[in-house]
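# Reading the structure
Chain by chain, the residues run as shown.
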Amino acid sequence: MILVTGATGSIGRSLVHRLRQDGAAFRALVRDEAKGRALGCDFVVGDFDDPDSIAAAHEGVDRLFLNSAGAQPLDGEQPMIRQQKSVIDAAREAGVTQVVKVSVWHARQGAKLSQGAHWQIEEYLKTSGLAWSLLQPAGFMQNFIAPGAFAPDGNLISFCGSTPVAHIDCHDIAACASVLLAGQRGEGETFVLTGPEALTEAEIADKISSALGRAVGRAELPPDALADAMTSQGLPRRFAEDLAFLVKEVATGSQATTSTSVRDITGRPPRTFDDFLAANLQSLRAVAIPPTP
């Protein structure tokens, strides 16, 4: 039995769909009962901050997909560190034999926000006595269909200038997780997951233009201006500056190379950005088309 945490997120929903198709025995952990029912699978209601609910969710479970929300705009230690460590503890107590964890690319000691937090969780998992695999994806293609991806005039908000980024579709992260959870390979390995190509935001805007049938330009917001913009929207200054620092790393090429991990794990190439747009055209239209005057 597999326990899927983060089951209602972009990766989790794809993983639930794939496990259901494969006929795998699994249970989704959700915080909202209505969202659990909408998944159409066996689910349990729980919260990472409620140890009893996490322990109950692990009953009968032998494999764990560990995923949660990212960095939060607050001072001090990121809550995900405490939360995911508690899930790892519950998994060990329940006799879970395998954990597949979603991390981030370039997770490392002392890094800011999610990168530093995920490194701490990775190290804790590695010393837990549980078998583990780590997935370190590049930026999600799904970010381009998220609220705030486009300016009010319908142009793409651009952070990285002419630097290419090897974005990945969450569909492929889920596909890799499903293979690893089946126990076919990957124990003790870390996989950097990317799409098949690194694209500049100008190239992405051109592809979105073709998908929508209208010209989509770019509204440039360089990393140096991002912190001010986020602070003006009410986010804490330190959080905004840390996030802008990570965006600047991407803008200087930290995610400009591609890996073969998706093909190596699944036996097929990852989705292209064109594939992603075709599969999510309705969602793209909802966020990218400016309101009628």
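Okay, so let's go over this structure.

## What to know about the overall build of the chain
- Summing up its helical and strand segments, the chain has 12 helices and 9 strands in all.
- The C-alpha radius of gyration of the chain comes to 19 Å, within 12% of the 19 Å expected for a compact globule of 293 residues.
- For the chain, the C-alpha atoms occupy an extent of roughly 55 × 40 × 35 Å along the three principal directions.
- When burial is assessed residue by residue, the chain has 47% of its 293 residues classed as buried.
- When the accessible area of the chain is evaluated, it comes to approximately 13,200 Å², of which 49% is carbon and sulfur surface.

## Notes on the side chain of glutamine 115
- You can see glutamine 115 is positioned in helix H5 (residues 113–126).
- The buried category is assigned to glutamine 115, whose relative accessible area is 9%.

## Description of the packing of helix H7 (residues 201–212) against helix H12 (residues 281–288)
- Where H7 meets H12, the axes come as close as 11 Å, and the angle between the chain directions of the two elements is 105°. With respect to their mutual orientation, H7 and H12 come out roughly perpendicular. Where H7 abuts H12, its residues Ile208, Ala211 and Leu212 lie against Leu281, Leu284, Arg285 and Ala288.
- Residues belonging to the contact of H7 with H12 are distributed by class as follows: 6 nonpolar, no polar and 1 charged.

About the thresholds
- Residues numbered from 1 in each chain as written.
- Predicted model: local features only at pLDDT ≥ 70, side-chain atom pairs only at ≥ 80, totals over all residues.
- Heavy atoms only, no water.
- Helix = DSSP H or I, 4+ residues; strand = E, 2+ residues; numbered from the N terminus.
- Rg over C-alpha atoms; globule rule 2.2 N^0.38 Å.
- Buried < 20%, exposed > 50% of the residue type's maximum accessible area, 1.4 Å probe, protein only.
- Areas by Shrake-Rupley, 256 points an atom, 1.4 Å probe, with all protein chains shown as cover.
- Axes fitted to C-alpha atoms, helices over the stretch in contact; angles between N-to-C directions.
- Parallel < 35°, antiparallel > 145°, perpendicular 65-115°, else oblique.
- Contact = heavy atoms within 4.5 Å.
- Nonpolar A, V, L, I, M, F, W, Y, C, P; charged D, E, K, R; others polar.

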